[in-house]
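The lines below spell out each chain.
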Amino acid sequence: MNHYHIHVRGLVQGVGFRPCIYRLATEMGLHGYVENSNDGVLIVLQATDEEKEHFVQALPLVAPAVATIERIDVEECPANCTYDRFEIASSRSEGDEITRVSPDIAICPECLQDRRRQPHRKDYPFINCTHCGPRFTIIQALPYDRAVTTMSDFALCDTCRSEYADVTDRRFHAQPIACNRCGPAYTLCDSGGAREHDYRHIVSRIASVLTGGGVVALKSLGGYNLLCDADNEQAVTRLREVKGRYAKPLAVMYRDEATAAADLDLTDEERRALTSWRRPIVLSHERARHARWLNDGYHSLGVLLPYMAIHYDLFEAAPSLRRIVVTSGNRSGNPIVIADGEAHDLFDPQVDLVVSYNREIYNRVDDSVVCEYDGLCRPVRRARGYTPEPLHNLQSTEGIVAVGAEQVSSFAVGKHDDILLSQYVGELSRRGNLGFFEESFSHFARIFRFRPRCVVCDLHPDYAATVWGERYAAEHQLPLYRVQHHHAHAAAVMAEYDLAGEVLALCLDGTGYGDDCTIWGGELLRCSRSRYTRLSHQPYLPMPGGDVAAREPWRMAVSLLYSLYGESMPLPHDFVERIGADRIRLVCRMIARRINTPLSSGAGRLFDAVASLLGVADFNRYQAEAPQKLEQLAEGSAERLYPFDPDNPLDISWLVVAVVDELNRGIPRSEIAGAFHATYAAMWCAEVVRQAAQQKLSRVVLSGGVLQNKRLVDRLMNLLRQAGLQPYLPAVVPCNDAGIAVGQMAVAAAWLEERERKR
Amino acid sequence: LAHGGGGRMTNRLIESIFYPAFANQWLEQAHDGATLPMPHSRLAFTTDSFVVSPLFFPGGNIGDLAVNGTVNDLLCCGATPLYLSAAFILEEGLPLDTLRQVVQAMREAATRAGVSIVTGDTKVVEHGKCDGLYINTSGIGLVPGNIEIGLHRVQKGDAVIVTGPIGNHGVSILSTREGLNFETTIESDTAALTHIVSNLLAGVPDVHMLRDPTRGGLSSTLNEIAEGAGVTITLDEQSLPIEPPVRAACDLLGLDPLYVANEGILLIFLPDEHAEQALHIIRNDPHGKGARLIGHVTDDRRPEVLLELALGQTRVLDMLSGEQLPRIC
Ligand SMILES: [Fe+3]
Ligand SMILES: [Mg+2]
Ligand SMILES: [Zn+2]
Ligand SMILES: [Zn+2]
């Protein structure tokens, strides 16, 4: 018999991992113990070499679905005692080393069963176990223990206490353990002010309001949601008014997978994401189109499945409901509401029912959104079910605060060599979101016992996050570093894939402040984590009016043609009719005189321009409306390529001439949109291949918001692979600006390490 | 040097170069001018240089600006403007007629404002070394004993009033310079607001702050006040006076009228209970017809300027570093 120390690292705490180890060891008849350690669990095993091998191989197989095992280290150690059983050792008081906090987990199938058979949890809506339930949303501090969660207000009843203490119980050490006798409960408040506390009545009231076309505000895991029958156009219109969101697509919760599959062309990967414990919103393709009021006429719809007991109960109580709109409860431009008082103030006058429960939400999180790109569902918005999973970094990140970008914002804090990316926050020029940013930052700092050493921000001088970072650094007397936007985009992908050395980085983005004071966004960089050179970029286009040109794609259409043809540009007639000759003339004047007209190499701006030329969107009512509609227009079109110059693939004039020519010849616009996508992908691929050969590099990281265009990404990835290159598309970090903080931190960590080494 | 926009970069320049070099307690009042102690009285003293292009624009010329701007700065100190100096830097080849017109405009503006131009200087520089004509004016005024205006007076609960529509001057200059022929010609509103201020100071018991929101617009000036006084200023978007042609021009140009330069308007902070009376007094003056209550000092814990939008959103009005740079990704 030997003694082994088996150190398992990853997300293995608070997810029922130790009882699994206990069961495995007991089944195998092995002795020793398991305990929580700083960054995982430590198993001390008394076994033969062969048994130990068996045990280690079985570990990943018995681990709970939520657990992620990053590393298993086995070490033989002197046997200076004998164990006569296997034990779960009680947690020692931990240092401030832990960085593993589980995200929130959708209710598990066993708990759904238990609600039917356990007398004290009959129908209990807040049932949970070590494999499921609230985590991040209720955690206030570490180590993870009920006393430092918002469950601390609820004293355990005797039954729950004994389950909590029983190693063989699925609720062994389940911190949010609760039942009908001792746990949180729902309260309903209707528009007349009447209150209801009986859960079954509450469910049937909600069900009848939803069936009757009403709108309900329901407190969910990470904040309040607004709900209504998704198939009732009037109800959805009312919900949109409550929210102040009139055009942007809404997410829909289906009663079950089968109902969703009837409406949507679900791929296997989408099904996997949809039913995973993270329960994100999955952007999927509709089989038929009938509900314009939900998704602004797109062929795609954001769908999710029930993740709390009350969702299941609602559908059960309302058999006629196929699907409901579930959207964050807020006024557009403000963060999702978490406080009950605020919810009542905001929603009481506007909705039919406000349903809350008496457990506080500590960490605010929206629903996450994923979309399948190149065969894998990747996060577009990373929040519930993902936050605060850390990302490993090659260099130490200790004490780094990365403040992120502006419009799709998030921040990150560094611990050891982990990057802890915050949840999606939203546009920071809005005071409410800036408050969310500050609140969440202070929570991260508290939970992870974060001690700041330096601050890193974007080069853009006027991002609210930059201004915040400057102030924070000044107040705490910390050094401040600035990282170029697209270097950060690239470094985020390098961090995700643990890439060291140098890579090519293809950044297809909207707007990022360049180191030459122009606006970048269609860039090929050669970069390491600490340095970059700009190899090539999409030709500059004037942005008449600055930001307003990003909101009004027609300006980019004028800009694109004016740059190529001058005053006599061949604008399509319908375009001139829609926009008006006078406005076009004034915008030309702005371009000619460079009045508030910065230069931009942004890929997004080219997509805007073409979208407007093809008549799909002249004004963006929400972010990226024009390029999304352009992508949709291309659907089902033939794979056709316009010619381009192989020696200078980024010369877009060929592309523009071809588009304009086909438009004037009356070629179907969907075909033009298709050829535009295919050609744009091919042009970039040709450029990357050319540069890869010159630079002698074959790894290509891809990032930037424009890569949320599936048609473009799938083609690019295929072309790059066919060319023998290794493309890396992020799968954990969002490719949009919500991933910027990760890249900022990776760059700052590399700079700090280089400085350290020079000493 | 790239600090022209009147935003954070300009402030940084002033804070890092001029303030440390010239440090004294009067400079540190950080106001439109300095208020200086005198035996039995207080003196207000200010200076400003004018480099506008074009020299002539709808509603005025560089001469009007040079007098009105310095007079308004004195008024913001609570002073009665008395004497001005005028220094000219002239480019070789400048038509004498142009100079005559400018000087004539200065004389008329001085008469209207009730000040005398009592000293001056002229330098001629080689062709190409300046853009036609630059003017510097300095001004002196007396502050009555009972008047106390300054950052230290700004406090929670104060009402914020603007004496007229915003953005006119900046848009007028820009569209004239660039030959943008908008449907309506937008005129600069340059004017000395002597009567508004003297009537106001005589008519309401207390005024806390007066500022002319010139370079960098309303937003930058309010940010300076918020920063200096350590307060939150909240504006209501719907109450901002913006004339439709100015709004339309700004929409087209992609400019935020809150960041566009003004000349003929003042920002006034005073106790909310006097706001109605103040508006009444201001609107009695021809230059104050468009006066509006645009917001309040809502907090004293955090220096920031907020704009409440129609749909329950609140926008942070930041001090820009310089130009309005694109941020939308
Ligand atoms: Fe970006
Ligand atoms: Mg001045
Ligand atoms: Zn469970
Ligand atoms: Zn219980």
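Residues numbered from 1 in each chain as written. Chains lettered and ligands numbered in written order. Predicted model: local features only at pLDDT ≥ 70, side-chain atom pairs only at ≥ 80, totals over all residues.

Chemist: Is there a simple way to explain the overall build of chain A in this structure?
Modeler: For chain A, the helix and strand inventory stands at 24 helices and 29 strands. Over its C-alpha trace chain A gives a radius of gyration of 27 Å, about what one expects of a compact globule, namely 27 Å for 759 residues. Overall size of chain A, expressed as C-alpha extent along the three principal axes, is 90 × 70 × 50 Å. For chain A, with 759 residues in total, the buried portion stands at 57%. In chain A, of all internal contacts separated by at least 6 residues, the share reaching a separation of at least 24 is 71%. (Helix = DSSP H or I, 4+ residues; strand = E, 2+ residues; numbered from the N terminus. Rg over C-alpha atoms; globule rule 2.2 N^0.38 Å. Buried ≥ 20, exposed ≤ 12 C-beta atoms within 10 Å, placed from the backbone. Contact = placed C-beta atoms within 7 Å.)

Chemist: Is there a simple way to think about the domain arrangement of chain B in this case?
Modeler: In many analyses, interface size is given as the accessible surface area lost on bringing the parts together. Residues and elements named next belong to chain B. Its domain assignment divides chain B into domain 1 (37-143) and domain 2 (151-316). One C-alpha centre belongs to domain 1, the other to domain 2, and the line joining them spans 23 Å. Listed as interface residues are 23 residues of domain 1 and, on the opposing side, 21 residues of domain 2. Among the elements of the structure, helix 2 (62-76) and helix 3 (96-113) are those that each provide at least two residues to the side of domain 1 that touches domain 2. At ten residues, the largest contribution of residues to the side of domain 1 that touches domain 2 is made by helix 2. (Domains from an automatic or database assignment.)

Chemist: Is there a simple way to explain the UniProt feature "domain: Acylphosphatase-like" (unreviewed entry) in chain A in this structure?
Modeler: Here, the residues flagged by UniProt with the feature "domain: Acylphosphatase-like" (unreviewed entry) are residues 3-90 of chain A. The distance separating the terminal C-alpha atoms of residues 3-90 of chain A is 20 Å; by composition the span is 30% helix and 42% strand. (UniProt positions renumbered as here; feature names shortened; annotations may be inferred.)

Chemist: Sorry, what's going on with the pairing of strand 12 (residues 300-304) of chain A here?
Modeler: Side-chain direction in a regular strand flips from residue to residue, so the side chains alternate between the two faces of the sheet. Residues and elements named next belong to chain A. For strand 12, the tally of buried residues reaches five of five residues, placing the bulk of the element in the interior. The side-chain alternation of strand 12 yields two buried faces, one formed by S300, G302 and L304 and the other by L301 and V303. Inspection of the sheet shows strand 10 (residues 252-254) paired to strand 12 by two bridges, in the parallel sense. Bridged to V252 within strand 12 is V303. (Pairing = 2+ DSSP bridges.)

Chemist: So what exactly am I meant to see when it comes to the interface of chain B and chain A here?
Modeler: On the chain A side, the residues contacting the 22 residues of chain B number 43 residues. At the level of secondary structure, the elements contributing two or more residues to the side of chain B that touches chain A comprise helix 7 (244-253) and strand 14 (314-316) of chain B. Counting residues per element, the side of chain B that touches chain A draws most heavily on strand 14 of chain B, at three residues.

Chemist: How do you make sense of the sheet that holds strand 15 (residues 369-373) of chain A when you look at a structure like this?
Modeler: What links the strands of a sheet is backbone hydrogen bonding, and the strands pair in either a parallel or an antiparallel sense. All names here are of chain A. Spatial strand order, 7-6-14-8-9-13-10-12-11-15-16: eleven strands in an open sheet with mixed pairing. Looking at the sheet topology across the chains shown, the edges are occupied by strand 7 (195-196) and strand 16 (376-381). The pairing of strand 10 with strand 13 (residues 323-328) spans three bridges and is antiparallel. The residue bridging Y254 from the neighbouring strand is R323, located in strand 13. The strands that helix 5 (residues 199-211) touches are strand 6 (186-190), strand 7, strand 8 (216-219), strand 9 (224-229), strand 13 and strand 14 (353-357); relative to strand 14, the one it contacts most, it runs at about 145 degrees. (Axes fitted to C-alpha atoms, helices over the stretch in contact; angles between N-to-C directions.)

Chemist: What should I look at first to understand the environment of A63(A) in this one?
Modeler: Inspection of the secondary structure assignment puts A63(A) in the loop between helix 2 (49-62) and strand 4 (68-77). Not counting residues up to four positions away in its chain, the partners in contact with A63(A) are F17(A), C20(A) and I69(A).

Chemist: I tried to follow the nonpolar core on my own but got confused; where do I start?
Modeler: Inside soluble globular proteins, nonpolar side chains tend to come together where they are buried. All names here are of chain A. The biggest cluster of nonpolar side chains holds 342 residues, and the ones touching the most others in it are V216, V303, V742 and M745. The leading source of residues in this core is helix 22 (residues 669-695), at 13 residues. Here M745 is in contact with T397, I400, A402, A412, G414, I419 and V456, once residues within four sequence places are set aside. (Core = buried A, V, L, I, M, F, W, Y, C linked by C-beta atoms within 7 Å.)

Chemist: What's the story with the packing of helix 22 of chain A against helix 23 (residues 710-722) of chain A in this structure? I'm lost.
Modeler: Between two packed helices, what matters for the description is the angle formed by their axes and the separation of those axes. All names here are of chain A. Packing of helix 22 against helix 23 brings their axes to within 9 Å, and their N-to-C directions diverge by 35 degrees. Between helix 22 and helix 23 lies a crossing whose hand is right-handed. Contact with helix 22, carried on its side by H677, A678, Y680, A681, A682, W684, C685 and V688, involves R711, L712, R715, L716, L719 and L720 of helix 23 and no other residues of that element. (Left-handed = near helix turned anticlockwise from the far one by under 90°.)

Chemist: So what exactly am I meant to see when it comes to unusual backbone geometry here?
Modeler: For residues that are not glycine, phi is negative in most cases, and the peptide bond is trans in most cases. Residues and elements named next belong to chain A. Cis geometry marks the peptide bond from T387 to P388, where omega comes out at 5 degrees. You can see P388 is positioned in the loop between strand 16 and strand 17 (390-392). A positive phi is found at R449, a non-glycine position, where the angle reads about 45 degrees. Turning to its location among the elements, R449 is positioned in the loop between helix 12 (431-447) and strand 21 (454-458). Look at C517: it is not a glycine, yet its phi comes out positive at around 70 degrees. Its place among the elements puts C517 in the loop between strand 23 (503-513) and strand 24 (519-527). Residue class for C517 comes out partly exposed when judged on the 13 C-beta atoms lying within 10 Å of it.

Chemist: Help me understand helix 16 (residues 553-565) of chain A, please; the structure alone is not making it clear to me.
Modeler: Residue pairs three or four apart in sequence face the same way in an α-helix, which turns once every 3.6 residues. All names here are of chain A. The first and last C-alpha atoms of helix 16 sit 18 Å apart over 13 residues, in line with the 18 Å expected at 1.5 Å per residue. Burial analysis of helix 16 places ten of its 13 residues in the buried class, which makes it a mostly covered element. Every buried residue of helix 16 is listed here: P553, W554, R555, M556, A557, V558, S559, L560, L561 and Y562. Directly beyond the C-terminal end of helix 16, a positive phi value near 70 degrees is found at G566. (Expected span 1.5 Å × (residues − 1).)

Chemist: Can you walk me through the confidence of the model for chain B in this structure?
Modeler: Parts of the model with low pLDDT should not have their predicted coordinates read in detail. Looking at chain B as a whole, its pLDDT mean stands at 91, while 96% of the residues score no less than 70. Quick note on the complex model: pTM equals 0.93, ipTM equals 0.89. (pLDDT = per-residue confidence, 0-100.)

Chemist: How should the sheet that holds strand 7 (residues 133-143) of chain B be read in this particular structure?
Modeler: Residues and elements named next belong to chain B. Spatial strand order, 1-2-7-5-6: five strands in an open sheet with mixed pairing. Pairing within the sheet leaves two strands with one partner each, and these edge strands are strand 1 (34-38) and strand 6 (116-125). Here the strands of the sheet are splayed against their neighbours by 20 degrees on average, with no regard to which way each runs. Bridge count between strand 1 and strand 2 (residues 41-50): five bridges; the pairing is antiparallel. Bridging across to strand 2, L36 finds its partner in L43. Against the sheet, helix 3 makes contact with strand 5 (80-91), strand 6 and strand 7, and its axis sits at roughly 170 degrees relative to strand 5, the strand it touches most.

Chemist: I tried to follow helix 5 of chain A on my own but got confused; where do I start?
Modeler: All names here are of chain A. Under the 1.5 Å per step criterion, the end-to-end length of helix 5 is 18 Å for 13 residues, consistent within 8% with the ideal 18 Å. Every buried residue belonging to helix 5 is among Y199, I202, V203, R205, I206, A207, V209 and L210, and all of these are buried. Just downstream of helix 5, G213 is the residue with a positive phi angle, here 90 degrees.

Chemist: Looking at this structure, how should I read the domain arrangement of chain A?
Modeler: All names here are of chain A. Taken domain by domain, chain A consists of domain 1 (2-88), domain 2 (102-184), domain 3 (196-357), domain 4 (388-483 + 735-758) and domain 5 (541-694). If you average the C-alpha positions of domain 2 and of domain 3, the two centres end up 25 Å apart. Tallying the contact residues gives 13 residues for domain 2 and 13 residues for domain 3. Across the side of domain 2 that touches domain 3, the residue classes break down as nine nonpolar, one polar and three charged. (Nonpolar A, V, L, I, M, F, W, Y, C, P; charged D, E, K, R; others polar.)

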